[in-house]
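Coordinates in review
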Amino acid sequence: MDALVNKRIKQVLKGDQNAFSDIVSLYQHKLYQICYRMLANKQEAEDIAQEAFVRAYINLHTFDQKRKFSTWLYRIATNLCIDRIRKKKPDYYLDAEVAGTDGLNMYSQVASSEQLPEETVQQMELQDRIQYEISRLPDKYRSVIVLKYIEELSLQEISEILDMPLGTVKTRIHRGREALRKQLNNL
């Protein structure tokens, strides 16, 4: 197929405009599918696929025939799709006033990312309680739990720090979690 395409490209470059219609016939369905998958809109996909063929025709003299034509054509279409996505305007504006309200805009509809004061206090109390329960664990479990979950060290690092086999570290982490779970069961 590449040989046929290269033959048609040479014909187009010599001035045979009809040879490009064979190229369009070969790639139009695949190119449309690529555009449709990117844009999710039938009309836009058709427009972009057509624009990609126009751009390919206009810039055919820059195409390196040692490379695959399909890759070059799909790259043109992909870039056009990306440009179209970037240029799409949002359906609403945050500054626009909300209908039926007195002066409220869309900013008032956006959820705050900050925690409520009650949630902050609850989280602090929970952290204090967990810290207290960790301090009540036996030393052999407390050390691995602190290194794993508070200091966020890897199992290998914990093994090296505590100078114990990796299997022992895993066992102690498991048993420490179980002991902590039992202590926190009444939360």
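Scroll up a little and you will see the structure.
Everything in this summary refers to the structure shown in the same document. Keep in mind that what you see is a predicted model, and the values were worked out from it rather than measured.

What follows deals with the packing of aromatic side chains. If you walk through the whole model with that rule in mind, you get eight aromatic pairs. Chaining the aromatic ring pairs together yields one cluster made of Y27, F63, F69, W72 and Y74.

Once that is clear, we can look at helix α2 (residues 19–39). Helix length check: α2 (21 residues) gives 29 Å between terminal C-alpha atoms against 30 Å at 1.5 Å per residue, within 8%. The sharpest bend along α2 reaches about 50° and sits at Y27. Taken together, the buried positions of α2 are A19, F20, I23, Y27, L31, I34, C35 and L39. Directly after α2, the chain includes A40, whose backbone phi takes a positive value near 55°.

Before going further, it helps to examine the pattern of salt bridges. Overall, the coordinates contain seven salt bridges when judged by the stated rule. The shortest N-O distance in the salt bridge between R55 and E51 comes to 3.0 Å. On the criterion of helical spacing, the pair formed by R55 and E51 is a turn pair, its members being four residues apart in helix α3 (residues 42–58). In this structure R55 comes out as partly exposed when scored by relative accessible area, which is 37%. Using a relative accessible area of 30% as the deciding quantity, one classes E51 as partly exposed. The salt bridge partner of E178 is R181, with a shortest N-O separation of 2.5 Å. Of the two residues, E178 and R181 are both situated in helix α8 (residues 166–183); the distance of three residues between them amounts to about one turn of the helix. Look at E178 and you get partly exposed, because its relative accessible area is 30%.

Here we come to a nonpolar patch on the surface. A contiguous nonpolar patch, built from M1, L4 and L26 and spanning about 270 Å² of accessible area, is present on the exposed surface. Using a relative accessible area of 34% as the deciding quantity, one classes L26 as partly exposed.

Relative to the helices and strands, K170 is located in helix α8. By relative accessible area, which is 45% here, K170 ends up partly exposed. Taking the C-alpha atoms as reference points, K170 and I158, separated by twelve residues in sequence, lie 9.7 Å from one another.

Once that is clear, we can look at the state of the cysteines. Counted under the stated rule, the structure contains zero disulfides. Unpaired in terms of disulfides, C35 finds its nearest cysteine sulfur in C81, a separation of 3.8 Å. Overall, C35 belongs to the buried group, its relative accessible area being 0%. For C81, a relative accessible area of 0% puts it in the buried group.

Reading guide: rules and limits
Residues numbered from 1 in each chain as written. Predicted model: local features only at pLDDT ≥ 70, side-chain atom pairs only at ≥ 80, totals over all residues. Heavy atoms only, no water. Phe/Tyr/Trp six-rings, centres within 6.5 Å; stacked < 30°, edge-to-face > 60°. Helix = DSSP H or I, 4+ residues; strand = E, 2+ residues; numbered from the N terminus. Expected span 1.5 Å × (residues − 1). Bend = angle between axes of the 7 residues up to and from the residue. Buried < 20%, exposed > 50% of the residue type's maximum accessible area, 1.4 Å probe, protein only. Salt bridge = Lys/Arg side-chain N within 4 Å of Asp/Glu carboxyl O. Patch = residues over 30% accessible without salt bridge, like charges linked within 9 Å, V, L, I, M, F, W, Y side chains within 5 Å. Areas by Shrake-Rupley, 256 points an atom, 1.4 Å probe, with all protein chains shown as cover. Disulfide = S-S within 2.5 Å.

Functional significance is not addressed by these values, which are geometric in nature.
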